[in-house]
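# Coordinate analysis (summary)
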Amino acid sequence: MSHLTYTPPPAVPRGHDRSRPRLWQHDYLHLRPLAADLRPRILAAAAGPLPRVLDLGCGFAPYRADFPPATAYIGADLEPGVRPQVLAVGEALPFGDGVFHAVLSSQVLPVVEDPSQVAAEMRRVAVPGAPVWVSCHGAWPHSTPRPEHRFGEPDLRALFSWLDRLEVIPQGGMLGMPFALANIGVREAVRAAERRLGAPARLLWIPAHAFFLVSNLAGRLLERLARWGPLRPFLGYLHGAMPMNYLVAGVRR
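The structure reproduced in this document is the subject of the present report. Note on numbering: residues in each chain are counted from 1, in written sequence order. It should be noted that, the model being predicted, local features are given only for residues of pLDDT at least 70 and side-chain atom pairs only at 80 or more, the latter also being counted only at that level, while totals for whole chains, interfaces and linings use all residues. Hydrogen atoms and water are omitted, and side-chain values are computed over all heavy atoms in the structure.

When its secondary structure is counted, the protein shows 6 helices and 7 strands. A radius of gyration in this sense is built from C-alpha atoms; the matching globule rule multiplies 2.2 Å by the number of residues raised to 0.38. Relative to its length of 253 residues, the protein is compact, with a C-alpha radius of gyration of 19 Å against a globular reference of 18 Å. In terms of principal-axis extent, the alpha carbons of the protein reach across some 50 × 50 × 35 Å. Summary of the burial criterion: residues with accessible area below 20% of their type's maximum are buried, those above 50% are exposed, and those between are partly exposed, where the area comes from a 1.4 Å probe applied to protein chains only. Of all 253 residues assigned to the protein, the portion counted as buried reaches 46%. Working rule for contacts: check all heavy atoms of both residues, and any pair within 4.5 Å makes them a contact. Expressed as a percentage of contacts within the protein between residues at least 6 apart in sequence, the contacts between residues at least 24 apart total 73%. Only DSSP runs of H or I reaching four residues or more are called helices, and only runs of E reaching two or more are called strands; each is numbered from the N terminus.

The axes are straight lines fitted to the C-alpha atoms, using for helices just the contacting stretch, and the angles between their N-to-C directions are given from 0 to 180°. The geometry of helix H5 (residues 205-227) relative to helix H6 (residues 232-240) is characterised by a closest axis approach of 7 Å and an angle of 120° between their N-to-C directions. If you check the angle between H5 and H6, you find them oblique. Where H5 crosses over H6, the two elements pack in a sense that is left-handed. For the pair formed by H5 and H6, the contact residues are Glu223, Leu225, Ala226 and Arg227 on the first element and Arg232, Leu235, Gly236 and His239 on the second. Lys, Arg, Asp and Glu make up the charged group, whereas Ala, Val, Leu, Ile, Met, Phe, Trp, Tyr, Cys and Pro make up the nonpolar group; the residues left over, Gly among them, are polar. A per-class count over the contact of H5 with H6 returns 3 nonpolar, 2 polar and 3 charged. Throughout, the term roughly parallel applies to angles under 35 degrees, roughly antiparallel to angles over 145, roughly perpendicular to angles from 65 to 115, and oblique to all others. Less than a right angle of anticlockwise turn of the near helix away from the far helix marks a crossing as left-handed, whereas a clockwise turn marks it as right-handed.

Core analysis: the largest hydrophobic core is formed by 33 residues, its most contacted members being Leu54, Phe95, Leu109, Leu156 and Phe160. For this core, the secondary-structure elements that each account for two or more residues are strand S1 (52-56), strand S2 (72-77), helix H2 (115-125), strand S5 (131-137), helix H3 (153-159), strand S6 (163-171) and strand S7 (245-252). For this core, the leading source of residues is H2, giving 4 residues. In these notes, a set of buried Ala, Val, Leu, Ile, Met, Phe, Trp, Tyr and Cys residues joined through side-chain atoms within 4.5 Å is what counts as a nonpolar core. In terms of nonpolar packing, the next biggest core, distinct from the first, is built from 16 residues, Leu34, Leu38, Ile42 and Phe67 among them.

Attention now moves to the pairing of S5. In terms of residue burial, S5 counts as a mostly covered element, since 7 of its 7 residues are buried. Two strands pair when backbone bridges link them, and strand S4 (residues 102-106) and S5 are joined in this way by 4 bridges, in the parallel orientation. Pairing of serine 105 across the sheet is with valine 134, part of S5. The path from the first strand over the helix to the second decides the hand: if it runs clockwise while the strands point away from the viewer, the crossover is right-handed. Handedness of the S4-H2-S5 crossover: right-handed. Should DSSP find at least two bridges between two strands, the strands are taken to pair.

Glancing now at H2. The complete set of buried residues in H2 reads Pro115, Val118, Ala119, Glu121, Met122 and Val125. All buried residues of H2 fall inside an arc of 155° around its axis, so they share one side. Those residues of H2 that are buried are in contact with S1, S4, S5 and H3. Picture the helix axis, draw a direction to every C-beta atom, and the arc is the one those directions span.

All right, on to the side chain of glutamate 91 then. Tracing the chain through its elements places glutamate 91 in the loop between strand S3 (86-87) and S4. For glutamate 91, the contacting residues outside a window of four places in its chain are Val112, Glu113, Asp114, Gln117, Val118 and Glu121.

Moving on, we get to the sheet that holds S2. In a beta sheet, neighbouring strands are held together by backbone hydrogen bonds and run either parallel or antiparallel to one another. Taken in spatial order, the 7 strands make up an open sheet running S3-S2-S1-S4-S5-S7-S6, and their pairing is mixed. In this open sheet, the two strands that pair with only one neighbour each are S3 and S6. As paired elements, S1 and S2 share 5 bridges and run parallel to each other. Looking at S2, one finds that arginine 52 is bridged to alanine 72.

This paragraph deals with the layout of surface pockets. Space inside the second largest pocket adds up to approximately 390 Å³. Taken together, 18 residues form the lining of the second largest pocket, with Arg32, Pro170, Gly172, Arg227 and His239 sitting closest to its centre. If you tally residues by element for the lining of the second largest pocket, the top one is H5, at 5 residues. Here the lining of the second largest pocket is composed, by residue class, of 7 nonpolar, 5 polar and 6 charged. Here a cavity denotes grid points, spaced 1 Å and computed from the protein atoms alone, that fit a 1.4 Å probe unable to get out, and a pocket denotes an open set having protein on both sides within 12 Å along at least 5 of 7 lines; residues with an atom within 4 Å of a point are the lining. Grid points are joined across faces, edges and corners, and a volume is the space filled by probe spheres set on the points.

Right, let's talk about unusual backbone geometry for a bit. For alanine 61, which is not a glycine, the phi torsion comes out positive at approximately 50°. Looking at the secondary structure, you find alanine 61 in the loop between S1 and S2. Positive phi is not limited to glycine here, since arginine 83 has a value of about 55°.

Salt bridges are defined by distance alone: a side-chain nitrogen of Lys or Arg within 4 Å of a carboxyl oxygen of Asp or Glu. With the rule as written, the count across this model stands at 11 salt bridges. The partner of arginine 41 in a salt bridge is glutamate 167, with the nearest N and O atoms 3.1 Å apart. Of this pair, arginine 41 sits in helix H1 (residues 28-46) while glutamate 167 sits in strand S6; the two residues are 126 residues apart in sequence, bridging distant segments of the chain. A relative accessible area of 24% means that arginine 41 is categorised as partly exposed. Judged by its relative accessible area of 34%, glutamate 167 falls in the partly exposed class. Glutamate 121 is paired through a salt bridge with arginine 124; the nearest N and O atoms lie 2.8 Å apart.

Structure follows, in structure tokens:
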């Protein structure tokens, strides 16, 4: 770390703050459980000293605001357009051993070349006792030219067996999935119209966001019924059968 000059990450652009999803976003049903599980863990860890934090695959660093201002928050990413502090691949991080007091990686593990090597690098750069948080896709669709890896709970427990107090937390589920997929379809239809028609098609985002709002409310209602009410045993089983994502949380040994 001594060779790095720390510069704060840029402000999160509008629409990219994954840590605070809104009901009118197309991916609300995907992001809400992640934020609900991840942010309290970050805030609890941030109550103690966290001099240096690594955000691996940082994107626009949406979780930076949850850490103390004095924390040196190092974002590493392959995409120069998001202006990370470090351009790097997860399989070969340009840091010494045991230099970070927390490691965060959100929705990156499925699209790396070698997930086991990325997990090994996280272990290497984290100090003993450092909290580690890793989220990844379960059933959530993700289209990318990079390879996509899918994980279940046993796979994640094996990859992160070096964590103490290991939790693998399923997030979202089957009941919200149809609404989330419908939102993606509407989003892609509007994007296709923009490519064909240009600027006038941007007006289509008004009804699209109204659709997202209604769709997300319906999905949230079913998710709540899966947790409370007379149909809970049946709906709860269905909801838990296909998590959208998983969150891995633990402490580096």
